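Survey of secondary and tertiary structure
Each chain is listed here by its residues.
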Amino acid sequence: MPSAPLGDFYKKHRKKGQKKYNISMPRKEDIIVAKSAGFCPGVKHAVDQVVALAGSRKKPIYTLGPLIHNKQVTAMLEMRDIKTIEKPEEATDKRGILIIRAHGITPDLQRQIEACEISVFDATCPLVKHAQNIIAKFAVQDYHTVIVGDKEHAEVIGLTGYAQGRCTVISSLAEAQALPHFEKVNVVSQTTQQESVFFEIAEEIKKHANMCQISNTICQPTKDRQKETMEQAKNADLVIVVGGKHSANTARLAELCRGLCKHVQHVETEDELDEKLVVDAKRIFITAGASTPGWVIDSVVFRVKTLRDRANRKIVYR
Ligand code: SF4
């Protein structure tokens, strides 16, 4: 026997005086989590190595600058007694080990570290090393280096050290337009730069030099993350970008999404989610920066699902 429609059941059992009532049925989940979300290979390698070293007898462990720009990971490392220092001289206990983070450092700083006579673990990402080598190769051929990136970012500071003192860092088309004329210029990028911005700036710099070498040093994991984000964000009602507010690549990812989707939330943890936006959105795309650990992404996804499940089960009286 065919079962009676749910609407008939509620009509029959509705309370006296209650005009109409409705129950919202669980809707089909439409939450997409980016395949590229979270730790890039360079950051993963650095974090894995430091955590493994924390379990060894080589103590204390010093990282030169925060290993990555993520509060949750920093807190986890502090719990394992891994100390962040700003200068190599602060590594006073010579029985310890000093970690060079994935962003890399200048050759000058490398020499200062060697003078400290402490064991060193170099976690510079090979893709950052590739950018350093390109700068060094053209600098010895008298090329002026232009880096498209954030002046204050550790990776960019490290890259400038390979340019033999002839280097300009810019981040906008307006700054490119204001550049002087060069005989030879080598244009490189911070590894996490937005590709369209890099190409636009590089095209402008071509007009400012007799010989222009363009080296697109944006790393492949960043390109993949941007490609997936652009494909998914434009079809979403809400994009949630998970990661540190001080992480340049996460902030850039959120900025990219703002041009593609009406509602974009950049959150560090699930506690910052906007419940109304999460419940109202039909399709949600969740992504994360290169320095966001998997467990933080999982917590955000879990909260999003819980909020939506709870809202869907609510009985709405009209
Ligand atoms: S963002 Fe790219 S270059 Fe930077 S650490 Fe990660 S993989 Fe390496």
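Residues numbered from 1 in each chain as written. Predicted model: local features only at pLDDT ≥ 70, side-chain atom pairs only at ≥ 80, totals over all residues. Heavy atoms only, no water.

Let us now look at the sheet that holds strand S3 (residues 61-64). Overall, parallel pairing links the 4 strands, which are arranged S4-S3-S5-S6 in an open sheet. With one partner strand each, in any of the chains shown, strand S4 (82-85) and strand S6 (119-122) form the two edges of the open sheet. Strand-to-strand, the axes of this sheet are offset by a mean angle of 30°, without reference to chain direction. In this structure, S3 lies alongside strand S5 (residues 97-100), joined through 3 bridges in parallel fashion. Within S5, the position partnered with isoleucine 61 by the bridge is isoleucine 97. (Pairing = 2+ DSSP bridges. Helix = DSSP H or I, 4+ residues; strand = E, 2+ residues; numbered from the N terminus. Axes fitted to C-alpha atoms, helices over the stretch in contact; angles between N-to-C directions.)

Inspection of the entire model under this criterion finds 17 salt bridges. A salt bridge links arginine 303 to aspartate 271, with the shortest nitrogen-to-oxygen separation between them at 3.3 Å. Remark: aspartate 271 occurs in the loop between strand S12 (263-267) and helix H11 (275-280) and arginine 303 occurs in helix H12 (residues 294-313); sequence separation between them is 32 residues. Using a relative accessible area of 57% as the deciding quantity, one classes aspartate 271 as exposed. (Salt bridge = Lys/Arg side-chain N within 4 Å of Asp/Glu carboxyl O. Buried < 20%, exposed > 50% of the residue type's maximum accessible area, 1.4 Å probe, protein only.)

The buried count for helix H10 (residues 248-258) comes to 8 of 11 residues, which makes it a mostly enclosed element. Those residues of H10 hidden inside the fold are in contact with helix H9 (220-233), strand S11 (238-242), S12 and strand S13 (284-288). (Contact = heavy atoms within 4.5 Å.)

The next subject is the packing of aromatic side chains. Here the structure, examined in full by the defined rule, presents 2 aromatic pairs. A ring pair is formed by phenylalanine 138 and tyrosine 143, whose centres lie 5.1 Å apart and whose planes are at 75°; its orientation type is edge-to-face. Taken individually, phenylalanine 138 and tyrosine 143 each receive the classification buried, so the pair is uniform in this respect. Taken together, a centroid distance of 5.8 Å and an interplanar angle of 55° make the contact between phenylalanine 198 and phenylalanine 199 tilted. Phenylalanine 198 sits in the buried class, given a relative accessible area of 0%. (Phe/Tyr/Trp six-rings, centres within 6.5 Å; stacked < 30°, edge-to-face > 60°.)

Tracing the backbone through its elements, the reader meets glutamate 155 in helix H6 (residues 154-160). Salt bridges are absent for the buried glutamate 155, whose nearest opposite-charge side chain, arginine 252, sits at 7.9 Å. Setting aside anything within four residues of it in sequence, one finds glutamate 155 in contact with His103, Val128, Gln190 and Thr191. (Lys, Arg positive; Asp, Glu negative; His and termini not counted.)

Moving on to the nonpolar core. Ranked by size, the top nonpolar core spans 29 residues in total, and within it Val239, Ile240, Val242, Val278, Ile284, Ile286 and Val304 carry the most contacts. For this core, the secondary-structure elements that each account for two or more residues are S11, H10, S12, S13 and H12. Looking at which element gives the most residues to this core, the answer is H12, with 6 residues. Judged by nonpolar contacts, the second largest core, of 21 residues, contains Cys40, Val47, Leu67 and Ala102. (Core = buried A, V, L, I, M, F, W, Y, C linked by side-chain atoms within 4.5 Å.)

What follows is about helix H3 (residues 71-79). Within H3, the full set of buried residues consists of Val73, Met76 and Leu77. Within H3, the buried residues cover an arc of 100° as seen down the axis, which keeps them to one side. Away from its buried face by more than 90 degrees, H3 exposes Lys71, Glu78 and Met79. The backbone nitrogen of glutamine 72 has a side-chain oxygen 3.1 Å away, supplied by the residue at the start of H3, namely asparagine 70. Among the residues trailing H3, aspartate 81 stands out with phi positive, at a value near 65°. (Arc of directions from axis to C-beta. Polar contact = N/O pair within 3.5 Å; in protein donor to acceptor, adjacent residues only side chain to side chain.)

For the rest of this paragraph, the subject is the site of the ligand. In the vicinity of the ligand, the residues found are Cys40, Gly42, Cys125, Leu127, Val128, Thr191, Thr192, Cys219, Pro221 and Thr222. Only helix H5 (126-139) and H9 provide two or more residues apiece to the shell around the ligand. Its residues assigned to classes, the shell around the ligand shows 6 nonpolar, 4 polar and no charged. (Near = heavy atom within 4 Å. Nonpolar A, V, L, I, M, F, W, Y, C, P; charged D, E, K, R; others polar.)

Read from one edge of the open sheet, 4 strands run S8-S7-S9-S10, paired in parallel fashion. Looking at the sheet topology across the chains shown, the edges are occupied by strand S8 (167-170) and strand S10 (209-214). Strand-to-strand twist of the sheet, defined as the mean angle between neighbouring strand axes without regard to direction, takes the value 25°. Relative to S10, strand S9 (residues 182-189) runs parallel, the two sharing 5 bridges. Bridged to asparagine 186 within S10 is glutamine 213.

This paragraph deals with the environment of alanine 176. Note that alanine 176 resides in helix H7 (residues 173-177). Sequence separation between alanine 176 and lysine 206 is 30 residues; the distance between their C-alpha atoms is 9.9 Å. In contact with alanine 176, not counting residues within four places along its chain, are Ile170, Ile201, Glu204, Ile205 and His208.

Taken across its 8 residues, S9 has 6 buried, putting it largely inside the fold. Pairing of strand S7 (residues 144-148) with S9 involves 5 bridges; the strand directions are parallel. Each bridged residue has a counterpart across the sheet, and for histidine 144 the counterpart in S9 is valine 185. The handedness of the S9 to S10 crossover, carried by helix H8 (residues 195-206), is right-handed. (Right-handed = clockwise from strand over helix to strand, strands pointing away.)

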